[in-house]
Amino acid sequence: MGRISKFICPSCRTSWQVSLGHGMEHAVLENVLNAFPADIQQKILSNVKEEQIPSFDFGYQTAICRDCRDVISIPVIYLHQSGKTYFTDCPECKSPAVVYPENEELVCPRCGKGVLLSEEIGRWD
């Protein structure tokens, strides 16, 4: 079950709400592929073609788009056998996004001053 998180900058008071994690449907690679554009789907499929049952970790993770200056959520897949990780660009402007590990502090992409506070405000599936 995924979670809905709210990020707030204590300095400029800007806030973002993002859906993180994964739902029950994301246990199957075919469903996960739908979260990625065709070019990344092909790369993923070429990496798992030898595997009878592909082993992977998937989830929507926190990222920052440097162009939009927003906190966003993007799909990320890690393929165990090949050790490769794939993720998408910013869904709004298609610029590269910077993915952050779950427990890493994020500095506000708008003002660059405050460390973002986060709280879980709901669940999704």
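Scroll up a little and you will see the structure.
Residues numbered from 1 in each chain as written. Predicted model: local features only at pLDDT ≥ 70, side-chain atom pairs only at ≥ 80, totals over all residues. Heavy atoms only, no water.

Caption draft 1: Layout of the overall build of the protein chain. Broken down by element type, the protein chain carries 2 helices and 7 strands. The helix and strand sequence of the protein chain, counted from the amino end, reads β-β-α-α-β-β-β-β-β. Taken along the three principal axes of its C-alpha coordinates, the protein chain extends 50 × 30 × 20 Å. Residues counted as buried form 40% of the 125 residues belonging to the protein chain. A separation of at least 24 residues holds for 58% of the contacts in the protein chain among residues at least 6 apart in sequence. (Helix = DSSP H or I, 4+ residues; strand = E, 2+ residues; numbered from the N terminus. Buried < 20%, exposed > 50% of the residue type's maximum accessible area, 1.4 Å probe, protein only. Contact = heavy atoms within 4.5 Å.)

Caption draft 2: Molecular detail of the packing of aromatic side chains. Counted according to the given criterion, the structure contains 3 aromatic pairs. Note on F36 and F58: the rings are 6.2 Å apart at their centroids and 70° apart in plane angle, and the pair reads as edge-to-face. Within this pair, whereas F36 is found in the loop between α1 (29-33) and α2 (38-48), its partner F58 is found in strand β3 (residues 56-65), the two being separated by 22 residues in sequence. Of the residues examined, F36 reaches a relative accessible area of 3% and is grouped as buried. Overall, F58 belongs to the buried group, its relative accessible area being 9%. Seen in terms of ring centroids, F58 and Y60 are 5.5 Å apart; in terms of plane orientation they differ by 80°. Their pairing is edge-to-face. (Phe/Tyr/Trp six-rings, centres within 6.5 Å; stacked < 30°, edge-to-face > 60°.)

Caption draft 3: Representation of the nonpolar core. If you look at the biggest cluster of nonpolar residues, it comprises 12 residues: L29, V32, L33, F36, I40, I44, V48, F56, F58, I77, L79 and Y86. Where this core is concerned, the elements lending two or more residues are α1, α2, β3 and β4 (70-79). Those residues in contact with Y86 that lie beyond four places of it in its chain are F36, I40, K43, I44, N47, P75, V76, I77 and L79. F7, W16, V71 and Y100 belong to the second largest nonpolar core, which has 11 residues in total. (Core = buried A, V, L, I, M, F, W, Y, C linked by side-chain atoms within 4.5 Å.)

Caption draft 4: Structural detail: the environment of T88. You can see T88 is positioned in the loop between β5 (85-87) and β6 (97-99). Note: C-alpha distance between T88 and S15 (73 residues apart in sequence) is 22 Å. With sequence-adjacent residues up to four places away left out, T88 is seen in contact with A35, F36, P37, I40, I74, P75 and A97.

Caption draft 5: Representation of the pattern of salt bridges in the model. All chains considered together, the criterion is met by 3 salt bridges. Note that R110 and D70 form a salt bridge whose closest N and O atoms lie 2.4 Å from each other. Remark: D70 occurs in strand β4 and R110 occurs in the loop between β6 and β7 (117-124); sequence separation between them is 40 residues. The salt bridge involving E120 is made with R123; its shortest N-O contact spans 3.2 Å. Taking the relative accessible area as the measure of exposure, E120 reaches 44% and is therefore partly exposed. (Salt bridge = Lys/Arg side-chain N within 4 Å of Asp/Glu carboxyl O.)

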